[in-house]
Amino acid sequence: MALTATQVQQAYLAYFGRPADVVGLQYWEGQTSADMIAGFTSSAEFNNLYANMSAVQQVNQIYLNVLGRAADAGGLAYWAGQLMAGTSVSALVTAIYQTVLAEPTTSVDYVTVQNRIAYATAFTNSMVNNNADILGYAGTAAANEGRAVVASAVPSSTVLMTVFSTLTSDVASVIGAGTAGQATTYTLTTGVDTIAPTGNSIINGTLDNYAGIALSTATLGGADTISATGTGNTLKLTDGSSTGCDTIPTGATITGVQTITLATAGNAGSITGITGITGITGTSTFDVSGIAGVTSVSVTSAGTTGDSIKAAATTNITDTSNGTANQVVTAGGNNVTVTTSGEVDVGYTSTHTLGAASAAAAGAVNVTDTGAGTAGTLTPATVNGVTG
């Protein structure tokens, strides 16, 4: 008899502890139960999960997958003995479902099974028309996160769930884990690097520079070439120096990167000569405006000077300034989000010596004030909020 979508979801939950992926659901729906069981139990995922488990551990894991709870002592002893005597895992799965689904509809196990099936169905259905999600929900990292979100979102319960409030964030978490797990990682060296990532790549580099000059410990230098193609490419930069005034090194060739992040113990660029922003030395800007295709730049800093960031009108800017100065100045950008306890100038409209023309944000501006600072200047843009 051909399998239904619900039966396929039941099997994914029981054998793998996660919702079905779109491709798997569509493939097994309409197949026979025997074919699906054979496919599941011979899969790498099944073997990776159960190969090193004892019979007792296997029984307990199936109970956790289906019912969200550990096996009771009687069931654990009986089924462990059955598995050791040669009974298949599929027989255990079938017995659990048959027993639970025959219980009163108010029992804990019955309600939990229904909730898990409903959650898994909603989870998979949310991806049906999204190719990025379908591609992202693949691999070990995505499967592991899928198991984690089921366990968290649908615990053992007597309350029938009709709304799953965490579903959107759960899907995003699983896709994020899957995408990262599938990514190719490149690590820049202190020498001259020439790399050509082909999509879904993470490029790790370190900065130790001032005004575009890379020092000896930096791995992103002026002679480096990053020629990426495809989408999903991220340049992840770090700097452990608290005195760093980080910039993209002069001469570095970077193309095809969509996301740039900087986590620095210093600052992104530095600020000087800004009216109303005092005690700052240095003149430099973390400028990504010349890197075509960048859609997002995100900075987290902890230094004693302020952050100055410049981006194209199509690039979202996010800055979280945790240092002692905490001033933030941005030029350009699309949506600009700033979290700081210091002064903020979105658009470089104040008196400055940074060498960057004033440029308002093209999109919305959100500023969160975490201390006694003030939002100094907000140039024409849609200001969604200054909070704190």
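Rules behind the numbers
- Residues numbered from 1 in each chain as written.
- Predicted model: local features only at pLDDT ≥ 70, side-chain atom pairs only at ≥ 80, totals over all residues.
- Heavy atoms only, no water.
- Buried < 20%, exposed > 50% of the residue type's maximum accessible area, 1.4 Å probe, protein only.
- Helix = DSSP H or I, 4+ residues; strand = E, 2+ residues; numbered from the N terminus.
- Pairing = 2+ DSSP bridges.
- Expected span 1.5 Å × (residues − 1).
- Contact = heavy atoms within 4.5 Å.
- Polar contact = N/O pair within 3.5 Å; in protein donor to acceptor, adjacent residues only side chain to side chain.
- Axes fitted to C-alpha atoms, helices over the stretch in contact; angles between N-to-C directions.
- Parallel < 35°, antiparallel > 145°, perpendicular 65-115°, else oblique.
- Left-handed = near helix turned anticlockwise from the far one by under 90°.
- Nonpolar A, V, L, I, M, F, W, Y, C, P; charged D, E, K, R; others polar.

## Focus on the pairing of strand β16 (residues 328–332)
For β16, the tally of buried residues reaches five of five residues, placing the bulk of the element in the interior. Across five bridges, strand β14 (residues 307–311) lies against β16 in parallel orientation. Its bridge partner being in β16, alanine 311 is matched across the sheet by glycine 332. Bridge analysis of β16 against strand β18 (residues 344–346) gives three bridges, and the strand direction is parallel. Bridging from a neighbouring strand, valine 329 pairs with aspartate 345 of β18.

## Quick notes on helix α6 (residues 73–84)
Taking 1.5 Å per residue as the helical rise, α6 with its twelve residues ought to reach 16 Å, and the 17 Å between its terminal C-alpha atoms agrees with that figure. Summarising the contacts, the buried residues of α6 are in contact with α5 (55–67) and α7 (89–101). Residue glycine 86 follows α6 closely and has a positive phi angle near 110°.

## Some thoughts on the sheet that holds strand β9 (residues 253–255)
Here three strands make up an open sheet; going across it, the order is β2-β6-β9 and the pairing parallel. The open sheet has two free edges, formed respectively by β2 (194–195) and β9, since each of these has just one partner strand. In the sheet, strand β6 (residues 225–227) pairs with β9 via three bridges, with the strands oriented parallel. Across the sheet, the residue bridging to serine 227 is threonine 255, located in β9.

## Description of the environment of threonine 217
Topologically, threonine 217 is positioned in the loop between β5 (213–214) and β6. Separated by 27 residues in sequence, threonine 217 and threonine 190 have C-alpha atoms that sit 6.6 Å apart. The residues touching threonine 217, leaving out its near neighbours within four places in the chain, are Thr190, Thr206 and Asp208. In terms of polar contacts, threonine 217 uses its side chain to reach the side chain of aspartate 208, at 2.6 Å.

## Quick word on the packing of helix α1 (residues 5–16) against α7
Packed helix pairs are specified by the crossing angle of their axes together with the interaxial distance, meaning the distance between the axes. One way to put it is that α1 packs onto α7 with a least axis distance of 11 Å and a crossing angle of 120°. With respect to each other, α1 and α7 are oriented oblique. Two packed elements cross with a definite hand, and for α1 against α7 that hand is right-handed. Residues Gln10, Leu13, Ala14 and Tyr15 of α1 form the contact with α7, whose own contacting residues are Val89, Ser90, Val93, Tyr97 and Leu101. Partitioned by chemical class, the residues of the contact of α1 with α7 number seven nonpolar, two polar and no charged.

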